[in-house]
Amino acid sequence: MTSAERAAAAFAEEHGGAADAVWSAPGRVNLIGEHTDYNDGFVLPFALPHRTAVAIRPRTDGLLSTATYGSDGRLHRSPETSIDELRPGSPTGWAAYPAGVAWALREAGFALGGADLVIAGDVPTGAGLSSSHALECATALALLDTAHAAPGQPGAPSLGEIARLVQRAENDFAGAPTGLLDQTASLACTEAHALFFDVRSGDAEQIPFDPLSAGLELLVIDTRVKHSHSESGYGERRRGCERAAELLGRKALRDVTAAELPTVLPQLPEELRPLVRHVVTENDRVLATVDELRAGRYAEIGPLLNGSHVSLRDDYRISCPELDLAVDTALATGALGSRMIGGGFGGSAIALVPVADRPRIEQAVLDAFAQAHLTEPRLFTAVPSAGAGRDR
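About the cut-offs
Residues numbered from 1 in each chain as written. Predicted model: local features only at pLDDT ≥ 70, side-chain atom pairs only at ≥ 80, totals over all residues. Heavy atoms only, no water. UniProt positions renumbered as here; feature names shortened; annotations may be inferred. 1 Å grid on protein atoms, 1.4 Å probe; cavity = no way out; pocket = protein on both sides within 12 Å on 5 of 7 lines; lining within 4 Å. Points joined across faces, edges and corners; volume = space filled by probe spheres on them. Helix = DSSP H or I, 4+ residues; strand = E, 2+ residues; numbered from the N terminus. Nonpolar A, V, L, I, M, F, W, Y, C, P; charged D, E, K, R; others polar. Pairing = 2+ DSSP bridges. Axes fitted to C-alpha atoms, helices over the stretch in contact; angles between N-to-C directions. Contact = heavy atoms within 4.5 Å. Expected span 1.5 Å × (residues − 1). Buried < 20%, exposed > 50% of the residue type's maximum accessible area, 1.4 Å probe, protein only.

Under an unreviewed UniProt entry, the protein chain has the name Galactokinase and belongs to Saccharopolyspora oryzae. UniProt lists a comment for the protein chain under the heading Sequence similarities (unreviewed entry), and it reads "Belongs to the GHMP kinase family. GalK subfamily."

## Comments concerning the layout of surface pockets
Of the voids in this model, the largest pocket is the one considered here, and its volume is about 1100 Å³. If you go around the largest pocket, you meet 43 residues; those closest to its centre are Trp94, Thr125, Gly126, Ser131 and Ser132. At the level of secondary structure, the elements contributing two or more residues to the lining of the largest pocket comprise β3 (63–69), α2 (96–107), β5 (115–121), α3 (131–146) and α4 (159–173). When the residues that make up the lining of the largest pocket are grouped by side-chain class, the tally is 15 nonpolar, 21 polar and 7 charged.

## A look at the sheet that holds strand β9 (residues 337–340)
Spatial ordering of the open sheet is given by β9-β10-β8-β11, a layout of 4 strands whose pairing is antiparallel. The open sheet terminates on both sides in strands that have one partner only, identified here as β9 and β11 (378–382). Across this sheet, the average inter-strand angle for adjacent strands is 20°, counted without regard to direction. Running at roughly 30° to β9, helix α9 (residues 302–314) makes contact with β9 and β10 (348–354) of the sheet. Packing of helix α11 (residues 358–371) onto the sheet brings it into contact with β8 (216–222), β10 and β11, and relative to β8 it is tilted by some 15°.

## With respect to α2
When the terminal C-alpha atoms of α2 are compared, their 16 Å separation across 12 residues agrees well with the 16 Å that a helix rising 1.5 Å per residue should span. For α2, the full list of buried residues reads Ala96, Pro98, Ala99, Gly100, Val101, Ala102, Trp103, Ala104, Leu105 and Arg106. The elements touched by buried residues of α2 are β3, β5, α3 and α4. Gly109, located one to two residues past α2, shows a positive phi value of around 95°.

## Details of the UniProt feature "domain: Galactokinase N-terminal" (unreviewed entry) in the protein chain
The positions that UniProt labels "domain: Galactokinase N-terminal" (unreviewed entry) are, in the present scheme, residues 10–58. Within the segment residues 10–58, helix and strand shares are 12% and 59% respectively, and the terminal C-alpha atoms sit 16 Å apart.

## Comments concerning empty space enclosed by the protein
Tallied over the full model, the rule gives 2 cavities of 30 Å³ or more. Size it by volume and the largest cavity reaches roughly 110 Å³. Residue lining of the largest cavity: 14 residues in total, with Glu34, Asp37, Leu181, Asp182 and Tyr234 positioned closest to the centre. A total of 3 residues in the lining of the largest cavity trace back to one element, the largest contributor, which is helix α5 (residues 181–188).

Here it is as structure tokens:
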């Protein structure tokens, strides 16, 4: 049963009738371009087949009711709340994400008369695969549908505008200082492509990404070490980048080139230099990866993935022993490239592996975690999939 089917069935059971619509949005893997989005840089994500679905039926009393279908097979309900009375900080926990989206849409002037929501999904949580944004993007589309402003309807906001509304919900309501990468990927990615996205300009290009055509697969290694953007050092790194740009007199670190690094780094406090070095070199790695993909040279992106991980580990300092173990083991047993993905401090790594070698590499990773007495990681192959849309 798909996430959309589970959400629809749970809605009918909870509310005694069918939902008016079901919208869903995917998690994502960021192939490369980590912590560049909030620095006005470049990113290269693709959507996963794992999705979060929101079944919805509009109300006329201004109230929002939310329930989520948990992995335990039970519905977990949040108290009904008035959309007009939503304020940042309440509710908290998982309910803050759909409530924050309703708040952001209300603040943007969309007429929301209330709604019943039932949520179901299979995007792994805390794995750096953007489960929160899948939930928020699906909620935004479902609520916009009740306001007759969903994509394809007259006067509907663009996908870029929806992404910024979701970002506001995440930043100002849920308290997580994320950039635009995850929302844009969930909304705008297409099947068999990676999305080359220039965060500053908003320009996006669908880059064909079919590693199987070259006998390769992209293995995701979920370390099961949970992370949280709102509680981790993510915000500290972002503030450091903003401070560095200010000291350098630049709008954002996007405006610093690799050739300038020897000149600009000595102008900064020592603790800010590694952050700047990572962002500047990571932007260059994104551009180089796009060039290789355009030419169909999939194996050649391996060293770029490796360079990204080293930079995130040593300069940005957001890796952890479990992520390093996953990356090092994959590389030692035949992966062409590997790196951590997501905000850091846990979550997942990816490895570009030959199809024939994947079972051996997977087993090596499992053995390495067992020998280190760590929780068994979750392994799966990432297939570039479609972005958000209406399921029924």
